[in-house]
Amino acid sequence: MPAVSSAKELPHEFSANYALEMFGTVLARATYTLEHTEDGLTMTQSTRPAGLIAMLRNDKIDVRSDMIVDNGRVLLVNYSYTHTGDEKDRNIRFNIDWKANNKQELAGKATGIYEGKAVDIDLQNPVWDPLSIQVPIMLDANKKLPPHEHGLFMKGEFKHYLFENHGNETFRYNGTAFAAVKIVGRETKRDRAMYVWLLPELHNIPVKIEQWKNGEHKSTVFLESVSFEEDGRTRTLNLTDSPEDYE
């Protein structure tokens with residue numbers, strides 16, 4: 001059954017920098033933010049090419065996910081993905097209108113555009129996009145939930161992913177060991193999977209995300225630095241050389 005994320009405690013606000021690596025080479029860098037709003041929370045992602053790729057391409061990817069809190073549930077209501085600097089129309093945007101049906105069950109309709117084609121999908125359960133899926137993963141990391149499903153917008157439709165908590169695992173980066181929680185999500189109808197390592201000591205912020213397809217490792221996104229407010233001060237952790245600063 002799909003899991004419904006509780007909004008009793010929203011994920012901690014943060015700003016983080018990640019690197020996208022494929023075949024041992026960093027191809028892009030991205031800044032992620034998570035902010036609380038009056039109605040819920042917003043996540044953004046801004047990605048730019050890095051290294052030699054930056055000399056060959058000038059692509060820019062900007063993503064935004066808006067979520068509300070409704071009756072204790074976190075619900076995705078808006079998603080936009082803007083890709084500039086590429087000849088193909090890769091842009092995506094949709095909004096979701098959530099209502100209760102006559103049985104007081106959750107029902108929604110997602111409408112918008114996916115790569116120039118109309119999106120019009122009826123929904124019966126909360127759903128996510130590739131950015132906002134981090135929110136239920138972060139919220140549920142410490143709950144030891146049994147395997148549960150989430151709907152994830154991929155390739156113009158909502159696909160079902162089965163998520164499992166694989167427990168604690170020691171994660172090493174640049175010679176430093178971290179106690180991480182490993183979450184695995186697998187698409188139910190295809191051999192596509194994501195592996196996410198989160199750090200409880202950093203409010204369950206993802207430290208590494210791997211994408212797999214047909215049993216092959218395709219890409220890795222890993223945390224380089226993160227900043228967040230803690231006890232009235234700004235805490236900044238730089239994982240590339242491991243210093244930690246407070247302001």
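Note that the coordinates shown come from a computational prediction; the quantities given were computed from them, not determined experimentally.

1. Points about the overall build of the protein
Part 1 of the reasoning: Across its full length, the protein holds 2 helices and 17 strands.
Part 2 of the reasoning: On C-alpha atoms alone, the protein measures out to a radius of gyration of 18 Å, which is about the 18 Å that the 2.2 N^0.38 rule sets for 247 residues.
Part 3 of the reasoning: In terms of principal-axis extent, the alpha carbons of the protein reach across some 55 × 45 × 35 Å.
Part 4 of the reasoning: For the protein, with 247 residues in total, the buried portion stands at 44%.
Part 5 of the reasoning: Residue pairs in contact within the protein that sit at least 24 positions apart in sequence constitute 40% of those at least 6 positions apart.

2. Overview of the pairing of strand β14 (residues 205-213)
Part 1 of the reasoning: Relative to β14, strand β13 (residues 192-199) is paired through 8 bridges, and the arrangement is antiparallel. Across the sheet, residue V196 finds its bridge partner in β14, namely I209.
Part 2 of the reasoning: As consecutive antiparallel partners, β13 and β14 are separated by 5 residues, and within that stretch H203 has a phi angle of approximately 60 degrees, a positive value.
Part 3 of the reasoning: Here β14 folds back onto strand β15 (residues 216-230), and the loop between the two strands holds 2 residues, one of which, N214, carries a positive phi near 50 degrees.

3. Points about the pattern of salt bridges
Part 1 of the reasoning: Overall, the coordinates contain 15 salt bridges when judged by the stated rule.
Part 2 of the reasoning: Among the salt bridges present, the one from E187 reaches R192, with a minimum N-O distance of 3.6 Å. By the burial criterion, E187 is buried, and R192 matches it.
Part 3 of the reasoning: Of the charged contacts, one joins K218 and E216 as a salt bridge, the two residues approaching to 3.5 Å between their closest N and O atoms.

4. Quick notes on the pairing of strand β3 (residues 40-49)
Part 1 of the reasoning: Bridge count for strand β2 (residues 25-36) against β3 is 9 bridges, and the pairing is antiparallel. What sits directly across from A28, in β3, is P49.
Part 2 of the reasoning: Between β2 and β3, which pair antiparallel and follow one another directly, the connecting turn spans 3 residues.
Part 3 of the reasoning: Of the strand pairs in this sheet, β3 and strand β4 (residues 60-70) are connected by 8 bridges, and their pairing is antiparallel. Residue pairing in the sheet places T47 in a bridge with I61 of β4.

5. Observations regarding the packing of aromatic side chains
Part 1 of the reasoning: In total, this model carries 9 aromatic pairs according to the counting rule given.
Part 2 of the reasoning: Ring plane angle 50 degrees and centroid distance 4.8 Å describe the contact between F94 and F153, whose orientation is recorded as tilted. Of this pair, F94 sits in strand β6 (residues 92-100) while F153 sits in strand β10 (residues 148-154); the two residues are 59 residues apart in sequence, bridging distant segments of the chain.
Part 3 of the reasoning: Owing to a relative accessible area of 3%, F94 belongs among the buried residues under this scheme.
Part 4 of the reasoning: The exposure class assigned to F153 is buried, which follows from its relative accessible area of 3%.
Part 5 of the reasoning: Arranged with centres 5.0 Å apart and planes meeting at 65 degrees, the rings of F153 and F158 form a pair that is edge-to-face. Across the pair, exposure class does not vary: F153 and F158 are buried alike.
Part 6 of the reasoning: Every member of this aromatic cluster is reached through a ring pair, and the members are Y79, F94, Y114, F153 and F158.
Part 7 of the reasoning: Directly above the aromatic system of W197 lies the positively charged group of K208, at a separation of 4.2 Å from the ring centroid.

About the cut-offs
- All residue numbers here refer to positions counted from 1 along the written sequence of the relevant chain.
- Local features in this predicted model are restricted to residues whose pLDDT is 70 or higher, and side-chain atom pairs enter the listing and the counts only when it is 80 or higher, whereas totals over whole chains, interfaces and linings include all residues.
- Based on all heavy atoms of the structure, the side-chain values leave hydrogens and waters out of the count.
- Secondary structure counts use DSSP, requiring at least four H or I residues in a row for a helix and at least two E residues in a row for a strand, with both numbered from the N terminus.
- As a reference, a globule follows 2.2 Å times the number of residues to the power 0.38, and the radius of gyration itself is taken over C-alpha atoms.
- Here the term buried applies to any residue with accessible area under 20% of the maximum for its type, exposed to any over 50%, and partly exposed to those in between, with areas from a 1.4 Å probe on protein chains only.
- Contacts are assigned to residue pairs with any non-hydrogen atoms lying within 4.5 Å of each other.
- Pairing between strands requires that DSSP locate at least two bridges from one strand to the other.
- A pair is scored as a salt bridge if a Lys or Arg side-chain nitrogen falls within 4 Å of a carboxyl oxygen belonging to Asp or Glu.
- Stacked, tilted and edge-to-face pairs are distinguished by plane angle, under 30 degrees for stacked and over 60 for edge-to-face with tilted covering the rest, among Phe, Tyr and Trp rings (Trp via its six-membered ring) whose centres lie within 6.5 Å.
- Placement of a charge over a ring requires the Lys NZ or Arg CZ to be within 6 Å of the ring centre, with the centre-to-atom vector within 35 degrees of the ring normal.

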